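Structure at a glance
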Amino acid sequence: MEQSEENKKKVVVRVCIGTGGLAAGGKEVIEAFKKAITDFCVDIELDFTCHYQKVGCRGFCARDVLVDVVDGDTSVTYQGIKPDIAKRIVEEHLIKGEPVKEWLIDASYYAFHAKQLKILLKDCGTIDPEDIQAYINVGGYSGIKKIVSAMTPEDVINEIKASAIRGRGGAGFPTGVKWEACRKAPGDVRYIVCNADEGDPGAFMDRSIIEGNPHSVVEGLMIAAYAIGASLGYVYIRAEYPAAVDRLKLAIAQAHELGYLGNNLFGSGFHFDVRIKLGAGAFVCGEETALIASIEGERGMPRAKPPFPVHKGLWGKPTVINNVETLSNIPYIIRNGAAWYSAIGTGKSKGTKVFALTGKVKNTGLIEVPMGIRLGEIIYDIGGGIIGNKQFKAVQTGGPSGGCIPAELLDTPVDFESLGRVGSIIGSGGMVVLDETDCMVNIAKFFLEFTQAESCGKCVPCRIGTKRLLEILDRITRGLGKEGDIELLETLCADVKAASLCGLGQTAPNPILSTLKYFRGEYEAHIREKKCPAKVCKDLLTYSIIEEVCTGCGACRRACPAGAIAGDKKKPHRIDPEKCIKCGACFDVCKFASVSRE
Amino acid sequence: MPKVTIDGKTVNVPEGITVLDAAKRLHISIPTLCHHPKLTPFGGCRLCLIEIKGIPRPVTSCTTPVSEGMEVTTTSPNLESLRKTVLELILSDHPNDCMVCERAGDCTLQELAYFYGIRENRFEGERRIYTKRDGNPFIERDMEKCILCGRCVKVCDEVEGVGAIDFAYRGFKSKICPPYEKDLDCEFCGQCIAVCPTGALTGKSWKQKGRQKEVREVDTTCGYCGCGCNLTLHVHGNEVIRVDSKADTINEGWLCVKGRFGYNFISSHDRLKKPLIRITLKTRDASRVTRNEVFREASWDEALDYIAERLKSIRDKHGPDSFAGLSSARATNEENYLFQKFVRAVIGTNNIDHCARY
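Nothing here was measured: the structure is a model prediction, and the numbers come from that model. (Residues numbered from 1 in each chain as written. Chains lettered and ligands numbered in written order. Predicted model: local features only at pLDDT ≥ 70, side-chain atom pairs only at ≥ 80, totals over all residues. Heavy atoms only, no water.)

**A look at the overall build of chain B**
- Secondary structure assignment for chain B yields 8 helices and 16 strands.
- For 358 residues, the compact-globule estimate of 2.2 N^0.38 gives 21 Å, and the C-alpha radius of gyration of chain B, at 28 Å, exceeds that figure by more than 25%.
- Along the three orthogonal principal directions, the C-alpha set of chain B runs to about 95 × 55 × 40 Å.
- Burial status across chain B gives 44% buried among its 358 residues.
- Excluding contacts between residues fewer than 6 apart, the proportion of contacts in chain B whose partners are at least 24 apart in sequence is 56%.
- A total of about 20,600 Å² of accessible surface is found on chain B, and carbon and sulfur atoms cover 52% of it.
- Considering chain B, the positive charge centre built from 52 side chains and the negative charge centre built from 48 side chains are found 3 Å apart. (Helix = DSSP H or I, 4+ residues; strand = E, 2+ residues; numbered from the N terminus. Rg over C-alpha atoms; globule rule 2.2 N^0.38 Å. Buried < 20%, exposed > 50% of the residue type's maximum accessible area, 1.4 Å probe, protein only. Contact = heavy atoms within 4.5 Å. Areas by Shrake-Rupley, 256 points an atom, 1.4 Å probe, with all protein chains shown as cover. Lys, Arg positive; Asp, Glu negative; His and termini not counted. Charge placed at Lys NZ, Arg CZ, Asp CG, Glu CD.)

Right under this line is the structure:
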């Protein structure tokens with residue numbers, strides 16, 4: 001007897017299609033599963049039906065594509081899946097019932113998650129971001145339904161104030177206080193804007209949240225709009241996030257279809273709609289007044305504050321600008337209550353924070369941790385320590401506006417105040433781990449290159465000041481540093497911080513100041529001894545061959561692109577320093593460690 | 001009327017004015033490069049930074065509105081040191097060629113550099129180098145001297161409503177230019193030149209004709225149209241080398257392309273200085289008669305008598321309606337009134353019209 005389709009058991013294959021998942025081949029993996037199932041159907045009758053579920057970022061991007069196979073109550077997770085492995089999983093696991101051991105997640109996967117507390121990323125990695133029903137099934141849109149029927153805008157503001165959530169975009173301003181100021185500002189038209197112009201190098205929290213759970217942002221916008229008295233919201237999102245833009249558009253369209261956006265929502269008389277404004281990729285447009293200028297069609301240049309946007313923002317009207325992560329938290333706070341939220345975290349920093357953990361750490365990806373967790377726990381427990389078991393040197397937090405925190409401060413709790421005290425910031429949540437092979441002067445230079453290129457050019461200290469800072473750093477890394485350069489850096493850093501117009505310039509010197517604070521010796525070595533202790537700065541390196549070790553195999557000679565290495569076979573080779581371009585090819589290729597780099 | 005205290009002096013000022021304007025009322029000067037009283041505040045040069053009690057960081061006085069009880073300090077060692085840094089930074093990216101600059105002696109940047117005694121510069125480094133290739137006939141744009149104060153952009157947008165130029169690029173490479181960096185193609189009102197605080201924008205026609213301290217200023221009225229804008233002629237020797245207008249005039253200092261640049265006729269060889277009467281010279285040679293029309297100089301009396309006589313004879317012969325008078329927008333109201341009066345009452349016809357009707 002043939003089993004009817006309905007009676008067959010359901011097996012769900014859940015595949016990550018966040019940006020990490022897509023890049024690792026998430027879509028191809030789904031297709032490969034579908035093809036494998038179809039191929040097997042030709043020969044044998046399957047006793048199950050296979051359903052595919054696309055989910056957003058699951059955090060552990062280093063192990064993408066992550067695939068869950070859910071069979072009844074049991075769920076098995078695979079990591080690093082490529083399309084060609086799909087067939088094996090279908091054959092061995094789905095048909096024969098034996099999970100493919102070599103692709104199963106290992107201990108590090110559990111370690112990666114053990115100290116995390118997932119609120120935003122929980123739904124993000126389990127529901128289909130392209131299906132509004134999936135969000136509704138996990139309680140989505142119950143927050144807005146609850147407040148329009150049972151709470152006044154003031155109640156909502158009080159609830160958010162009681163939760164003590166602070167802005168996740170960088171400055172950490174209390175969200176409830178911002179909403180209240182806007183609600184109280186005179187005028188009858190107000191706007192709510194979602195800042196999705198995430199631009200820090202190495203940061204992808206907002207992108208992943210929108211890609212993985214766009215409806216939470218839409219609901220957050222609705223709740224904020226209700227609280228401040230806005231009927232139109234904007235999402236300012238960078239055009240370089242095509243998947244996020246598409247899913248957000250889809251989310252808005254689906255919300256419209258179900259009557260969750262539009263006029264007289266839920267019969268409450270509350271009107272709200274969302275528009276998407278694409279940013280052209282200027283980092284400075286993440287600054288709220290520049291963002292406003294950009295939405296208004298002007299060049300994205302910051303405006304002087306006061307007046308603050310809550311008093312005079314978009315089109316001159318009172319405006320609240322909240323970051324994606326902030327808004328995404330709002331529905332969960334409304335659903336679970338302020339007390340639930342404020343119980344998470346520490347001191348003045350409540351809730352969880354999503355970080356993009358990248359750099360020289362073993363487990364890279366997106367993590368969500370309770371505020372107050374120690375830096376060391378993030379790097380060693382979640383991150384699994386340094387790649388190649390090299391020595392940890394520093395962690396750069398907060399992107400170009402942040403600073404580097406050295407090994408001796410790994411006990412620092414991750415919250416707004418503590419990171420501020422050690423000369424860095426939480427910022428939007430970038431976390432770049434550096435090891436002994438990273439030159440701190442070079443790291444500072446990297447961030448200054450970024451801020452200089454992204455300066456809008458409006459104010460002198462930022463436009464020319466960061467250029468001069470970069471030039472000083474550049475000459476230090478090229479061995480042309482002079483006595484007094486460190487002091488000059490310090491003076492100029494202080495003046496650029498004090499005199500710049502917006503947050504970009506005011507924080508641009510932070511990478512220099514924090515590396516100077518903790519790694520001054522490295523600067524001094526570059527300037528005085530003309531040495532780069534981390535052996536990164538090319539101009540300060542000398543390559544030579546240790547004659548006693550060299551076997552004369554000729555590998556270095558063949559690898560040298562400049563023809564700087566000569567020597568007879570089986571006799572020690574020599575590098576002509578005049579010709580050497582210090583590319584390091586000989587160092588990398590030598591199997592006998594006979595190339596010395598000093 | 002909020003009461004504010006600036007550098008220990010207390011004054012009541014109108015609601016909504018900026019600290020910079022409030023300081024002006026107290027005759028306290030705050031240095032600035034990007035501020036222009038007739039344009040919206042920009043806040044980019046960062047020279048007008050001030051300290052306000054209760055605000056942790058210095059703010060720009062040009063953008064900060066006063067509020068009740070505000071206590072302002074406009075000068076302190078910290079502020080002066082910040083201003084000096086800002087000036088040094090600007091000068092580190094500015095050609096050191098005041099010796100040949102048109103604006104030397106009339107340049108806010110030069111003035112401030114002098115005032116702050118900037119001879120050594122701690123921040124020497126790369127300078128922007130641009131090739132001058134603007135093919136427009138009026139405005140010399142030396143973008144290496146541009147300090148990006150944005151005044152030209154604002155005047156073009158806010159006063160002229162043209163928007164011919166704007167900021168382009170980012171970071172150190174930021175510059176002011178027309179779209180796609182093409183040659184300037186605008187109305188050439190030259191308002192941008194008038195507000196430029198440095199030598200970045202100057203008139204092509206006044207190059208090397210004389211600097212500001214050598215000129216005598218003569219106030220007059222523009223004759224190009226009926227608006228009657230007030231002009232200030234900059235006279236060097238006996239030659240008008242430049243035209244500008246003062247801010248407190250009927251036209252608020254703004255001019256159009258004709259008023260600002262159309263002054264070359266003054267010392268032109270072709271300029272009419274005396275009336276000319278056209279005469280026909282007949283020359284006869286062996287086979288034919290040749291007629292040549294030439295002009296001969298006449299006195300005003302003779303010329304006017306001649307016109308009156310011809311008008312009278314035509315009217316007598318063909319009647320007043322054989323005339324029509326067309327008046328011009330370039331004439332003043334009074335002149336237009338007189339002209340229609342002349343046509344109606346003296347000539348005796350209603351055939352009178354005005355170019356502005358078409």
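Structure's up, so let's keep going.
**Remarks on the sheet that holds strand E14 (residues 392–397) of chain A**
Residues and elements named next belong to chain A.
- Reading across from one edge, E13-E12-E16-E14-E15 is the order of the 5 strands in this open sheet, with mixed pairing throughout. The open sheet has two free edges, formed respectively by strand E13 (365–370) and strand E15 (403–406), since each of these has just one partner strand. The average angle at which neighbouring strand axes cross in this sheet is 30°, direction not considered.
- Relative to strand E16 (residues 430–435), E14 runs antiparallel, the two sharing 5 bridges. Bridge pairing in E16 links Gln396 to Val432.
- Each of E14 and E15 touches helix H22 (residues 510–529); the most contacted strand, E15, lies at about 35° to it. (Pairing = 2+ DSSP bridges. Axes fitted to C-alpha atoms, helices over the stretch in contact; angles between N-to-C directions.)

**Comments concerning the pairing of strand E3 (residues 49–52) of chain B**
Residues and elements named next belong to chain B.
- Strand direction decides the pairing type here: E3 and strand E4 (residues 59–60), joined by 2 bridges, are antiparallel. Residue pairing for E4: Ile50 is matched across the bridge by Val59.
- The antiparallel pairing of E3 with E4 creates a hairpin that spans 6 residues between the two strands, and Gly54 there sits at a positive phi of about 100°.
- As judged from the 2 bridges shared by E3 and strand E5 (residues 71–73), these two strands associate in the antiparallel manner. Bridge pairing in E5 links Glu51 to Thr73.

**Let's talk about the packing of aromatic side chains**
- Using the criterion set out here, one finds 20 aromatic pairs over all chains in the structure.
- Arranged with centres 5.3 Å apart and planes meeting at 85°, the rings of Tyr226 of chain A and Phe270 of chain A form a pair that is edge-to-face. Of this pair, Tyr226 of chain A sits in helix H11 (residues 214–228) while Phe270 of chain A is found in strand E8 (residues 270–279), placing the two residues 44 residues apart along the sequence.
- Accessibility expressed as a relative area gives 13% for Tyr226 of chain A, which makes it buried.
- Aromatic pair Phe138 of chain B and Phe188 of chain B: ring centres 5.3 Å apart, planes at 50°, arrangement tilted. Residue Phe138 of chain B is located in the loop between helix H3 (108–115) and strand E6 (139–141), and its partner Phe188 of chain B is located in the loop between strand E8 (175–177) and helix H5 (191–195); the two are separated by 50 residues in the primary sequence.
- Chaining the aromatic ring pairs together yields one cluster made of Phe60, Tyr109, Tyr110 and Phe112 of chain A.
- The ring of Tyr332 of chain A has Arg335 of chain A lying over it, and the distance from NZ or CZ to the ring centre is 4.7 Å.
- Stacked on the ring of Tyr130 of chain B, the Lys or Arg Lys175 of chain B has its end atom at 4.1 Å from the ring centre. (Phe/Tyr/Trp six-rings, centres within 6.5 Å; stacked < 30°, edge-to-face > 60°. Lys NZ or Arg CZ within 6 Å of the ring centre and 35° of its normal.)

**Let's talk about the domain arrangement of chain A**
- Along its sequence, chain A is organised into domain 1 (5–105), domain 2 (132–341), domain 3 (352–435), domain 4 (440–529) and domain 5 (542–597).
- Taking only C-alpha atoms, the centre of domain 3 of chain A and the centre of domain 5 of chain A are 38 Å apart. (Domains from an automatic or database assignment.)

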